[in-house]
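Spelled out from the first residue to the last, the chains are:
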Amino acid sequence: GTGRQARGGIQLGLQSTLTSRLPGLRRYFEQYPYVCLEQKVAKAVGLNDATLWADISRQLPSYLDADGLAAYFPPMAGMSGQGADYLTAHLLAVSHESGFELPAQAREAMLQGLSAYVQGRLQREVWSPAGPQRGLMNDVRRLAAIEALSRFNYFDNGGAAGAYSTSISNST
């Protein structure tokens, strides 16, 4: 050569599936410092750790508000409506997709809460853009809730789905 020293480079590895040995991702989750419910669930599922999931399952009832919706942190005594429809829908979907089961009593409370939200019997105010985007955000939240309910076949006589289709036709 030219007398130049090689710099940089790329290290490349191949594997048969994206879910097998990812040491960097595993290390990331093992060192994950965050502790809200959503993040605990992400860590347990990301590590495929049944022990972490069992801890979440034991603690889950303390994260549910009186309406059955999950909160990021255990709701404060005397304060109602701290649970979030979108977090509840996410937890149900993640549980279903990962194969990690939620405790039956907590799951039932969450499904009832989401059903009440979809049917309009339960309201949660969250920030969203003004104007037409606000309606879109509410529709997206309701669709996420319906999707989570559908994973558990949680529709009685068309209840939640029928209420949602009515709300769509009335909002246009």
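The coordinates are above.
Residues numbered from 1 in each chain as written. Predicted model: local features only at pLDDT ≥ 70, side-chain atom pairs only at ≥ 80, totals over all residues. Heavy atoms only, no water.

Draft legend 1. Highlighting the side chain of T88. Residue position: T88 is located in helix α4 (residues 85-98). A distance of 2.8 Å separates a polar side-chain atom of T88 from the backbone oxygen of A84. Contacts of T88, omitting those with residues within four sequence positions, involve G68, L69, A70, M110 and L114. (Helix = DSSP H or I, 4+ residues; strand = E, 2+ residues; numbered from the N terminus. Polar contact = N/O pair within 3.5 Å; in protein donor to acceptor, adjacent residues only side chain to side chain. Contact = heavy atoms within 4.5 Å.)

Draft legend 2. Highlighting the side chain of D65. Checked against the element boundaries, D65 lands in the loop between α3 (50-63) and α4. For D65, a relative accessible area of 7% gives the class buried. Among the polar contacts made by the side chain of D65, one reaches the side chain of R124 at a distance of 2.4 Å. In this structure D65 touches P75, G81, Q82, G83 and R124, once residues within four positions along its chain are discounted. (Buried < 20%, exposed > 50% of the residue type's maximum accessible area, 1.4 Å probe, protein only.)

Draft legend 3. Spatial organisation of the packing of aromatic side chains. Within this structure, the stated rule accounts for five aromatic pairs. Centre to centre, the rings of W53 and F100 are 5.1 Å apart; their planes meet at 15 degrees, and the pair counts as stacked. Taken as a pair, W53 in helix α3 and F100 in the loop between α4 and α5 (104-118) lie far apart in primary sequence, 47 residues in all. The pair W53 / F100 is uniform in exposure class, with both members buried. (Phe/Tyr/Trp six-rings, centres within 6.5 Å; stacked < 30°, edge-to-face > 60°.)

Draft legend 4. Up close: the pattern of salt bridges. Within the structure shown, the criterion is met by six salt bridges. Ionic pairing is found between D55 and R58, a salt bridge with its closest N-O pair at 2.2 Å. Here D55 and its partner R58 are both found in helix α3, three residues apart, which amounts to about one turn of the helix. Of the residues examined, R58 reaches a relative accessible area of 59% and is grouped as exposed. Among the salt bridges present, the one from R124 reaches D67, with a minimum N-O distance of 2.9 Å. Highlighted residues: R124 in the loop between α5 and α6 (132-151) and D67 in the loop between α3 and α4, separated in sequence by 57 residues. (Salt bridge = Lys/Arg side-chain N within 4 Å of Asp/Glu carboxyl O.)

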